[in-house]
2 protein chains.
Amino acid sequence: MRRFSSRGHDFLPTEYTNIKPFLPSLPPPPIGPDGSPLGPEALSVLFPSGMIQHEITLEPRVPIPEDVLEAYKVYRPSPLIRAFELERALETPAHIYYKYEGTNPAGSHKSNTALPQAYFAARDGISRITTETGAGQWGSALSQACGRFGIDLDVFMVRASYLQKPLRKTFINMHGGSVCASPSDRTRSGRSFLESDPEHPGSLGIAISEAVEVVLSEEDSCYSLGSVSDAVCLHQSIIGQESILQMEEMGEYPTEIIACVGGGSNFAGIAFPFLEKMLTGGEKIKFTAVEPTVCPTLTKGKLMYDFGDASGLTPRYMMYTLGAGFVPPPIHAGGLRYHGMAPLVSHLVKLGLINPVAYNQQKTLKAGREFTRLEGILPAPESNHAVAAAMDSAIEARESGEKKVILFNLSGHGFLDLAAYENR
Amino acid sequence: MRRFSSRGHDFLPTEYTNIKPFLPSLPPPPIGPDGSPLGPEALSVLFPSGMIQHEITLEPRVPIPEDVLEAYKVYRPSPLIRAFELERALETPAHIYYKYEGTNPAGSHKSNTALPQAYFAARDGISRITTETGAGQWGSALSQACGRFGIDLDVFMVRASYLQKPLRKTFINMHGGSVCASPSDRTRSGRSFLESDPEHPGSLGIAISEAVEVVLSEEDSCYSLGSVSDAVCLHQSIIGQESILQMEEMGEYPTEIIACVGGGSNFAGIAFPFLEKMLTGGEKIKFTAVEPTVCPTLTKGKLMYDFGDASGLTPRYMMYTLGAGFVPPPIHAGGLRYHGMAPLVSHLVKLGLINPVAYNQQKTLKAGREFTRLEGILPAPESNHAVAAAMDSAIEARESGEKKVILFNLSGHGFLDLAAYENR
């Protein structure tokens, strides 16, 4: 019985896979201030041309640019591992696999989209990217990618995380990026939130407002985002594609796929390539998206048009949302503190193809501790949501006797989150 | 021109390579209190049988136990990367390659020996391992390995590093190990150093004394060490073996190999397999061992019999040493603060086959910052010694026009050392 798939570069896909042409219907398009659908030209004030192309394409296969493929080769394919020790401890008949996205130099799946985004900016001659980051995984990955492609980076980091994880700032600085806590006094949006509360903990929505405001006022710069958009989901498809080849090598096929959701991209990344197979006649799979109870976008939010940011500077997207002004309490899984959800993920929840659940912080940290002790890999607090749900599903299988093959996405490592595990 | 070697499991060696049978002469054996050579039976109070076998074997090839090979497959082979960006920035004609050992779950090369050591303890029915750690890389790797093989772990961590890097303790605890600062009041050795200085910063030599003292007083436990010994050098040979295959795939062969040295094992790991080739008719290679100026074992120490620890509890080894009582100042590269040096590395320095140099902390941290910005990978402070020497060698090549192919070992990542980069 194999524990690992082999990991040569022959397992590395050369194209992204696009779920859109395989869906029974497409999500409604984003709309502008007057309520009419937005075309690609409206996005060009924010994004490089390559990103807009990836955002709107309906091609089933999209070639990965050669320079990006080169950069992926440092750390891809990422390992797919059978969790024998966890299975044994849970006394479950279920087989549990995880795809480990923490082996790259920035430590999470975010590099999968940071690299093409930095590449597209460089290709258009853009000299600076502005972005937001929650817990710092996205800012870290993008700073690494910007360093690689010679682009300046300006990061608005949600204040709650900025205070919890100060070394993220050091990491981003070392790769050449600059970071400030959001809300900040650098933007009109930031100042308005600081006026209401000088100690405002911030939110991803506010940080996005600040980043977008800066980009709209600058020449020669662009905005970059780490989740939510169709293009980001496209880039993350590399996770699921590798997993398909690796599961094949293991001689198994998943009956359930689990990932955490904040904006939805790591979930989309592992799920969509398998969903494509299911929608084109492949075996049925249960897809489980796990969010934190304090930010229950899919389980308690509403499906409606809403802004992507807190100040109404972005287009409006048809998505599950808690309201653009929602500020979740500061949990350790800062990457999951987003009021909205990727329109593609939202649409699939509406279609009944994705099963959303919510877990609380205590339960997910406990699962992360157990996983670390048993499997010897330390997950990020965000990833613990997937770990906890996988454990629950395996325990269910023990009770029902159901033959399950569970695959979950271990989206990043927790080296910079150790303090979260310390404070019980 | 390739940037990376491919990384399938077909590049993973199934045997360790042993440099001893290829040397013109062997290092003198360790000696006991009466000055007579120690046989394997004397080591059995401290080590599992498998470790003693690996310590004394003269076989050129030693099979890697199957369970250890399984565990290696999570992260091995590790990537070998051409440093194109660094070459460009240095305007050097030299080709620079690095072997990156930071992709595994504990983040450094130490896992290569932690896994067989935990495995051998488990095979002998030993329930607990006691060890020392400097900066914490060894303690982290061993805690991960012990978790994997179901063994308890007790770690004495050098106090200077314990205070500098508190999250190392959290990491070790999460994997099921316990940690205390050394010198501690748990041992006679520890108490004697605390009496002389209640705020004693500790040293690897003192921490080894404490760990050995505990093991000698316990049934059913063994001692484990992260560097220095012949067995550890043997385990690390997997680094160099993979590098030989990977350099071959790149179509090049190194003219210089560089690694940092504390106890000597990551250096031995990357160097010895290439040295074997050189000693059996292969091309000539310059081997450069880089130590910190504040702990200049090879460049200012003496080659003589000395204790491995500070209290004289271990056998005496023929090695370069600054004296068993030497306490280096607390630098960030805590893993290099050892008074002695692996007998095999010492012997090769004496034979003129290794070229030792010393670098100061400021220079190595500066090199690490530059490397991170250019190559997008954050090195541990220890590894920065190799980075700095590789950069100097590449600059020399620019001036002399010499055609060089430099290969250095990037022994671990710096996620838990970010504070070192912060305090300029």
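Residues numbered from 1 in each chain as written. Chains lettered and ligands numbered in written order. Predicted model: local features only at pLDDT ≥ 70, side-chain atom pairs only at ≥ 80, totals over all residues. Heavy atoms only, no water.

### Focus on the overall build of chain A
1) Next: For chain A, the count of helices and strands is 17 helices and 14 strands.
2) Next: In terms of overall size, chain A behaves like a compact globule, its C-alpha atoms giving a radius of gyration of 20 Å where 424 residues would be expected to give roughly 22 Å.
3) Next: Expressed as lengths along the three principal axes of its C-alpha atoms, the size of chain A is roughly 60 × 45 × 40 Å.
4) Next: Within chain A, the proportion of its 424 residues that are buried is 68%.
5) Next: Taking the contacts inside chain A whose residues are at least 6 apart along the sequence as the reference set, 76% of them involve residues at least 24 apart.
6) Next: In the form shown here, chain A has an accessible surface area of approximately 13,800 Å², with 51% of it arising from carbon and sulfur atoms. (Helix = DSSP H or I, 4+ residues; strand = E, 2+ residues; numbered from the N terminus. Rg over C-alpha atoms; globule rule 2.2 N^0.38 Å. Buried < 20%, exposed > 50% of the residue type's maximum accessible area, 1.4 Å probe, protein only. Contact = heavy atoms within 4.5 Å. Areas by Shrake-Rupley, 256 points an atom, 1.4 Å probe, with all protein chains shown as cover.)

### Some thoughts on the relation of the copies chain A and chain B
1) Next: Mapping chain A onto chain B calls for a rotation angle of 180° and an axial translation of 0.0 Å; the resulting RMSD is 0.0 Å. The transformation relating the two chain copies, once decomposed into turn and shift, fits a two-fold axis. Residues of chain A ranked by C-alpha distance from the rotation axis are headed by Gly8(A), positioned 1.7 Å from it.
2) Next: When the interface residues of chain A are mapped onto chain B, 100% of them again lie at the interface, so the same face is used by both copies. (Least-squares fit on C-alpha atoms with pLDDT ≥ 70 in both.)

### Let's talk about helix 14 (residues 343–350) of chain A
All names here are of chain A.
1) Next: Summarising burial for helix 14: seven of the eight residues are buried, a large majority.
2) Next: Taken as a whole, helix 14 has its buried residues at Pro343, Leu344, Val345, Ser346, His347, Leu348 and Val349.
3) Next: Check the buried side of helix 14 and you find it contacts helix 11 (230–250), helix 12 (265–279), helix 13 (297–300), strand 11 (302–307), strand 12 (316–321) and strand 13 (355–359).
4) Next: Note on helix 14: the residue one or two positions beyond its end, Gly352, has a positive phi of about 80°.

### Regarding unusual backbone geometry
1) Next: A cis amide bond links Arg76(A) to the next residue, Pro77(A), at an omega of -5°.
2) Next: You can see Pro77(A) is positioned in the loop between helix 3 (66–72) and strand 3 (80–82).
3) Next: For the bond running from Ser182(B) to Pro183(B), omega is 5°, close enough to zero to count as cis.
4) Next: In this structure, Pro183(B) sits in the loop between strand 7 (178–182) and helix 9 (188–196).
5) Next: Positive phi is not limited to glycine here, since Asp220(A) has a value of about 65°.
6) Next: Locating Asp220(A) in the fold gives a position in the loop between helix 10 (204–216) and strand 8 (221–223).

### Structural notes on the environment of Glu91(B)
Residues and elements named next belong to chain B.
1) Next: Relative to the helices and strands, Glu91 resides in the loop between helix 4 (84–90) and strand 4 (95–100).
2) Next: We classify Glu91 as exposed; its relative accessible area is 62%.
3) Next: Along the primary structure Glu91 and Arg398 are separated by 307 residues, whereas in three dimensions their C-alpha atoms are 6.9 Å apart.

### Brief notes about the interface of chain A and chain B
1) Next: With 44 residues of chain A at the interface, the matching set in chain B holds 44 residues.
2) Next: Regarding the contact of chain A and chain B, the summed buried area is about 3,800 Å², with carbon and sulfur atoms giving 62% of it.
3) Next: Run the count over chain A and chain B and you get two salt bridges.
4) Next: Between Arg148(B) and Glu85(A) there is a salt bridge; the shortest N-O distance is 3.9 Å.
5) Next: Along the contact surface separating chain A from chain B lie four residue pairs in polar contact (both at pLDDT 80 or more).
6) Next: When residues of the side of chain A that touches chain B are traced back to their parent elements, those giving at least two are helix 6 (137–149), helix 8 (166–174), helix 15 (361–375) and helix 17 (418–422) of chain A. (Buried area = accessible area lost by both parts, 1.4 Å probe. Salt bridge = Lys/Arg side-chain N within 4 Å of Asp/Glu carboxyl O. Polar contact = N/O pair within 3.5 Å; in protein donor to acceptor, adjacent residues only side chain to side chain.)

### Here we look at the pattern of salt bridges
1) Next: In total, this model carries 31 salt bridges over all chains according to the counting rule given.
2) Next: One salt bridge in this structure joins Arg186(A) and Asp154(A), with 2.7 Å as the shortest N-O distance. Here Asp154(A) lies in strand 6 (residues 152–158) and Arg186(A) lies in the loop between strand 7 (177–182) and helix 9 (188–196), a separation of 32 residues in the sequence.
3) Next: On the basis of relative accessible area, Arg186(A) is assigned to the partly exposed category, the value being 41%.
4) Next: A salt bridge links Glu70(B) to Lys73(B); the nearest nitrogen and oxygen atoms lie 3.7 Å apart.

### Structural notes on the nonpolar core
1) Next: Phe272(A), Phe287(A), Val345(A) and Phe408(B) are the most contacted members of the largest nonpolar core, which has 119 residues in total.
2) Next: Broken down by element, this core gets its largest block of residues, nine residues, from helix 11 of chain A.
3) Next: If near-sequence neighbours (up to four positions away) are discounted, Phe287(A) is found in contact with Ile257(A), Phe267(A), Ala271(A), Phe274(A), Leu275(A), Met278(A), Leu353(A), Ile354(A) and Asn355(A).
4) Next: Ile96(A), Leu410(A), Ala207(B) and Val405(B) belong to the second largest nonpolar core, which has 118 residues in total. (Core = buried A, V, L, I, M, F, W, Y, C linked by side-chain atoms within 4.5 Å.)

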